Each structure stands twice: as C-alpha cells, then as structure tokens.
Amino acid sequence: MSIGATHEQALTPAAPTGAAIHPLWVRLTHWVNAVAMIIMIGSGWQIYNASPLFAFLFPPGITLGGWLAGALLWHFAAMWLLVVNGLVYLVLGIATGRFRRKLVPIRPSEVLADTKAAFTGKLTYDDLSVYNAVQKLLYLGVILAGIVIVLSGLAIWKPVQLQELTAVFGGYDAARYVHFFAMAAIVGFFVLHVIMALLVPKSLRAMITGR
Amino acid sequence: MPRIRKNPTGVDPQLLVKDAAKLMPAPTRRLFLRGGASLGALAFLTGCDIVDSASAEHVLMKISYFNDRAQAWLFNPNKLAPTYPDSAVRRPFPFNAYYPEEDAPEVDKEDYKLEVGGMVDNKKSWTLDELYALPQETQITRLICVEGWSAIGKWTGTPLREFLRRVGADTRAKYVWFRCAEGYSTSIDMPTALHPQTQMTFKFDGEILPRKYGFPMKVRMPTKLGFKNPKHVMEMAVTDKYLGGYWEDQGYNWFSGI
C-alpha cells in the first residue's frame, strides 16, 4: 500500500477498510464535554435560583451543589474542564480539517429539504460519517452557543477585570441574560441530541467505539 | 467598648431564614454536596458515587484555592471599575445581609473607635471625628452580589490605601482583615486593599451611612463581590495570616474578585 493510498483513506473516514467514523480525540472530547456541561448546567441552575431572571426557579432536585456556595464551587471547578476540553476540541477540529469537511457548507435549501425529510421519516442515517444539513446546522450552532456561553460567563465572572468583554455583551446585567439563553440553547440541543441518539442507536455506538 | 444594641450572632436561626433561605439549606451549611437528582446523573455518568464522599468537597475546596491564585494573577491593580452618572444610582438601594434589616447592628457613634492592629506602626484607635477628618472621595460604582443581582450605588469615604499609609501599614503583608460589630468578618488581599477604589466608606448617596448600610463605616471595594465589602467595621488588622471570613469559611470563594 502506498503512502498516497493511506493518506486517501485518512481523508475518507467511511472507507470500506473500516476507519473510525469518529477519531479517538472526538470521542474523548465529546464525553468530557458531556460531563462538564452537565456539571455546569446543574450548578448553573442552582446559581440562577439565588437571583432568578424570570418568574420561575429550577426544581432543587435537578440542581447541583445543594446551596449557592456549593453550586459556585462546582461551577468554577468544572469551568476549567469545559474550557480546556473545548479549546482542545476547537484546535483539533480546525487543525485536522474535520470542521471544514464535516460541518460546512450549510446550504439553506438543503436545510429545508432535510428538515422536511426528517419530519416525514424519509431522512436516512446509513452513512454516519456524513452529516445531513440539519445536523451540520445544529452541530455548528451548538459549538457557537458553547463559545458564547463561555465568553458571557467570563463577562459575568470578571465585569471589572474583563470589562471590555462585558461591554460587548451590553453590560453586566445583559450578559446574565445572554448566558442564560446560551444555556437554554445548549439544553435544547441536548434534548434533541439525546432523542436522536436513542432513535439511531448506532450513532451512540459510533461515539463510544468509533465505529 | 462600643455599645451594640443587637447582636445577630447566635440569634434564633428562624431570624436568619428570611434572607438566607435561598443561600443555604437550613441544617447543612457545609454539606453542600448533598444535591439532588443531578448528582444521581453524575454518579450514573461516572459510574461511581463520587459526590457522597468528603473527598469531593476536599477536591472542590482545593480548586477554589487554585481559583484564588488564578484571580490574584488576573487582578490588575491599576484597572478601575467602571463608574456611572448620578442618575444611575439605585434609589432606594437594596438592603442585603444574612440578617433581617431590623437586626442590623446599632453602633453608638460617641463610643465608636476603630481598632487598628497587626503589622502597622501606629496602633492607636480612631474616633469617628478623626476618621471624618480624613480626605474623602466619592465613587459611583456597581455592587455585584454573589447571588447574581447588581445595583449601582454612590459611596463616599477615604481610600483605604491612604489610611494604610497614615497608620504605617506594612504593605508587604498578605492580607487586611476586618471584624464587624455583629461578628461578621472578612479578609482581602493586599493588592485589593491598595486599589485606588477600595474605600473606607462613611456616606451613602451623600448622607451619613445609615445603619442598614453599615454605620458608621463599611469598606467598599468595587473589584470584589458584595459579601467581601464589610459593614459596621470595628477593627482592621494587617496580617500575613490567612483568617478567612464569615462566608468564606462556609465555602464561598475567598478571593471573589470581579
């Protein structure tokens, strides 16, 4: 086998030779992110409850930390995990070309067609290595929401030291709302993502074993 | 000794419930790891019950100490908190404490003497008249509570660094510690104590600091969360010894810079 052929296979993840659908770094960062996100969201809900933005509280049973101080300890511990893991994912996603290969381009006409196909049960998932337009849009969207939630979180955490960043979000109070809505977007994605993983179990298997 | 009419430390816990209920589950202040169902989700994901052990709390506190150092590193002693026009001041300014407003300590202005101790040249106590005679400035800055809400206020007083200079404080010391009339305490890092906006506050919104906002003196620092801004300050000490504080000892992050 020539070097050229090997290279060709590396670029074609679903090659008949059985290359991994998801390389190890994708699977690792995916599951580390899942743990970090659950800790951040659970503790974030407890923190929200100390000074709610809207006329509702999160039920204490689904929050993390027990009380405000405990939730803050979890939140500011897991933030390191979330950010370091997220940076590794972004750097590798860009450096390996995975984002470019998998997530773009996203054409509005394809998004519409694939959305229609999904709701009429005509969307197939035969080749897990190729994302349909709706998947591309959602995966790219949740990456952006992840970036926004980290930046707005920094703006809330350090509104004096990072006041220029806080100003970008429209000030301290506005940044709290941005942080909340980014959380809501991620939770919305999470619900859909888990439903789809259960409907297409081989996609869950692929994210664990790589195949 | 200054006379204090009410002393909320050791009062009936019922009295503390009103404002503190959302802050802490009644019997388990430090057992903050006893969460709810989401802890179950964590245990499920990790395959072990990590959160039922004291070691988890230990690890979280270690990370909190690491975060103290990270925040000290991030703290720029020359970076000023944003200031606002007079029209932005919240009136009335929200009262917030771990006791209800009627239990705010009442300090007698005639008897009051600020005690100064630790690594300072001059340990004489200061009467209110002596304190009022110090040069004063006014700041309109945003107070941010650890709970998340914020409010813009107008505080007038003497920069703490000016006072520390006058008492001959050893500014190579690590901490400045404050003790309050009702038993509250907190401590801050020296760079924050020397920050130009860290202020010994005698007035709020142009009026002598009312009892509910910390009469006769609070220490205002717009570079830290609200609970790091002690009210009814009776004593300060310059020290190399870590002395924590009321909330810090219960699990709140010590540095709590913003």
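Because the structure is a prediction, the values reported are computed rather than measured.

Quick notes on the rules
- Just so you know, the residues in each chain are numbered from 1, in the order the chain's sequence is written.
- The naming scheme follows written order: chains are lettered A onward, ligands numbered 1 onward.
- Selection of residues for local features in this predicted model requires a pLDDT of at least 70, selection of side-chain atom pairs for listing and counting requires 80 or more, and totals for whole chains, interfaces and linings are taken over all residues.
- As a rule here, side-chain values come from all non-hydrogen atoms in the structure, and water together with hydrogens is ignored.
- For two strands to be treated as a pair, DSSP must find at least two bridges joining them.
- Helical segments are the DSSP runs of H or I of at least four residues, strand segments are the runs of E of at least two, and each set is numbered from the N terminus.
- Grid points spaced at 1 Å and placed over the protein atoms alone form the basis of the search, with a cavity being a set where a 1.4 Å probe fits but cannot get out and a pocket an open set showing protein on both sides within 12 Å along at least five of seven lines. Lining residues have an atom within 4 Å of a point.
- Grid points are joined across faces, edges and corners, and a volume is the space filled by probe spheres set on the points.
- Side-chain classes are defined by residue name, with Ala, Val, Leu, Ile, Met, Phe, Trp, Tyr, Cys and Pro counting as nonpolar, Asp, Glu, Lys and Arg as charged, and the others, Gly among them, as polar.
- In the analysis that follows, any N or O atom pair within 3.5 Å is treated as a polar contact, provided that within protein one partner can donate a hydrogen and the other can accept it, and provided that, for residues neighboring in sequence, both atoms belong to side chains.
- Contacts: residue pairs with any heavy atoms within 4.5 Å of one another.
- The working definition used for a salt bridge is a side-chain nitrogen of Lys or Arg within 4 Å of a carboxyl oxygen of Asp or Glu.
- Only protein chains enter the calculation, and the probe is 1.4 Å; a residue is then buried if its accessible area is under 20% of its type maximum, exposed if over 50%, and partly exposed in between.
- Here the expected span of a helix is defined as 1.5 Å times the quantity of residues minus one.
- Each domain's extent is set by a domain assignment, obtained either automatically or from a database.
- For helices, the fitted axis covers only the stretch in contact; all axes are lines through C-alpha atoms, and the angles between them, taken along N-to-C directions, range from 0 to 180 degrees.
- Any angle between 65 and 115 degrees counts as roughly perpendicular, while under 35 counts as roughly parallel, over 145 as roughly antiparallel, and the rest as oblique.
- For any pair of crossing helices, the crossing counts as left-handed if the nearer helix is rotated counterclockwise from the farther one by less than a right angle, and right-handed if it is rotated clockwise.

Draft legend 1. Summary view of the sheet that holds strand S2 (residues 126-127) of chain B. Residues and elements named next belong to chain B. The strand order across the open sheet built from five strands is S2-S1-S10-S5-S6, with neighbouring strands paired in mixed fashion. For this open sheet the edge positions go to S2 and strand S6 (185-189), each flanked by a neighbour on one side alone. Pairing geometry for strand S1 (residues 113-118) and S2, over two bridges, is antiparallel. The residue bridging Lys113 from the neighbouring strand is Thr127, located in S2.

Draft legend 2. Representation of empty space enclosed by the protein within the structure. Residue and element names in this part refer to chain B. Using the criterion set out here, one finds one cavity of 30 Å³ or more in the structure. Looking at the largest cavity, its volume works out to about 450 Å³. Together, 27 residues line the largest cavity, and Asn96, Ala97, Gly226, Phe227 and Lys231 are the ones closest to its centre. Its residues assigned to classes, the lining of the largest cavity shows 19 nonpolar, three polar and five charged.

Draft legend 3. Region of the structure containing the side chain of A:Gln163. When you line up the elements, A:Gln163 lands in helix H7 (residues 163-168). At a separation of 2.8 Å, a polar atom in the side chain of A:Gln163 contacts the main-chain carbonyl oxygen of A:Val160. When residues no more than four places from it in sequence are discounted, the contact partners of A:Gln163 are A:Lys158, B:Lys79, B:Leu80, B:Ala81 and B:Pro82.

Draft legend 4. Geometry of the pattern of salt bridges. All names here are of chain B. Per the stated rule, a full pass over the model turns up 15 salt bridges over all chains. The salt bridge partner of Lys154 is Asp86, with a shortest N-O separation of 2.9 Å. Placement of Lys154 in strand S4 (residues 150-159) and of Asp86 in the loop between helix H3 (54-74) and S1 is noted, with a sequence separation of 68 residues between them. A relative accessible area of 36% places Asp86 in the partly exposed class. One salt bridge connects Asp170 with Arg172, and the closest N-O pair in it is separated by 3.1 Å. Judged by its relative accessible area of 21%, Asp170 is partly exposed.

Draft legend 5. Just helix H6 (residues 133-157) of chain A, in detail. Between its first and last C-alpha atoms H6(A) spans 36 Å; for 25 residues at 1.5 Å apiece the expected length is 36 Å, and the two agree. Where the residues of H6(A) are buried, they touch helix H3 (68-95), helix H4 (98-103), helix H5 (108-119), H7 and helix H8 (172-199) of chain A together with H3 of chain B.

Draft legend 6. Representation of the environment of A:Leu73 in the model. In this fold, A:Leu73 is placed in helix H3. Each C-alpha atom, one on A:Leu73 and one on A:Ser43, is 8.6 Å from the other, the two residues being 30 residues apart in sequence.

Draft legend 7. Geometry of the layout of surface pockets. Its boundaries defined by the atoms lining it, the second largest pocket holds a volume of some 1,100 Å³. Lining the second largest pocket are 48 residues, with A:His75, A:Phe76, A:Gly153, A:Ile156 and A:His179 positioned closest to its centre. Put simply, the parts of the chain that give the lining of the second largest pocket at least two residues each are helix H2 (24-50), H3, H6 and H8 of chain A together with H3 of chain B. The dominant element in the lining of the second largest pocket, judged by the number of residues it contributes, is H3(A), at twelve residues. Partitioning the lining of the second largest pocket into residue classes produces 34 nonpolar, twelve polar and two charged. Here the lining of the second largest pocket spans two domains, since at least three of its residues come from each of domain 1 (20-89) and domain 2 (104-211) of chain A.

Draft legend 8. Spatial organisation of the packing of H8(A) against helix H9 (residues 201-209) of chain A. Residue and element names in this part refer to chain A. In contact at an axis separation of 4 Å, H8 and H9 are set at 105° when each is read in the N-to-C sense. With respect to their mutual orientation, H8 and H9 come out roughly perpendicular. Residues Met196, Ala197, Leu198 and Leu199 of H8 form the contact with H9, whose participating residues are Pro201, Ser203 and Leu204. Each residue belonging to the contact of H8 with H9 can be placed in one class, and the counts come to six nonpolar, one polar and no charged.

Draft legend 9. Geometry of the pairing of S4(B). Residue and element names in this part refer to chain B. The element S4 is largely enclosed, with a buried count of ten among its ten residues. Across eight bridges, the pairing between strand S3 (residues 137-144) and S4 is antiparallel. Within S4, the position partnered with Thr138 by the bridge is Thr156. The hairpin formed by S3 and S4 contains five residues between the paired strands, and Gly148 there has a positive phi angle of roughly 120°. Looking at chain direction, S4 and strand S7 (residues 199-204) are connected through five bridges and run antiparallel.

Draft legend 10. Main features of the environment of B:Ser256. Residue and element names in this part refer to chain B. The topology assignment puts Ser256 in the segment after strand S10 (233-239). Sequence-wise, Ser256 and Ser64 are 192 residues apart; in three dimensions their C-alpha atoms are separated by 10.0 Å. If we skip the residues at most four places from it in the chain, Ser256 touches Gln71, Thr223, Lys224, Leu225, Phe227 and Lys228. A polar contact of 2.6 Å, which involves the side chain of Ser256, links it to the backbone oxygen of Asn253.

Draft legend 11. Main features of the packing of H2(A) against H8(A). All names here are of chain A. Axis separation between H2 and H8 bottoms out at 11 Å; the angle between their running directions is 130°. Put simply, H2 runs oblique to H8. Remark: the crossing between H2 and H8 carries left-handed chirality. Residues His30, Met37, Ile41, Trp45 and Tyr48 of H2 lie in contact with H8, whose contacting residues are Phe180, Met183, Ile186, Val187 and His193. Here the residues of the contact of H2 with H8 sort into eight nonpolar, two polar and no charged.

Draft legend 12. Just unusual backbone geometry, in detail. With an omega of -5°, the peptide bond between A:Val104 and A:Pro105 qualifies as cis. Examined against the element boundaries, A:Pro105 turns out to sit in the loop between H4 and H5. The residue after B:Phe215, namely B:Pro216, is reached through a cis peptide bond having omega 0°. Note on placement: B:Pro216 falls in the loop between strand S8 (207-208) and strand S9 (218-220). One non-glycine residue, B:Asp205, lies in positive phi territory at about 50°. If you trace the backbone, B:Asp205 turns up in the loop between S7 and S8.

In short, shape yes, function no, at least from these values alone.
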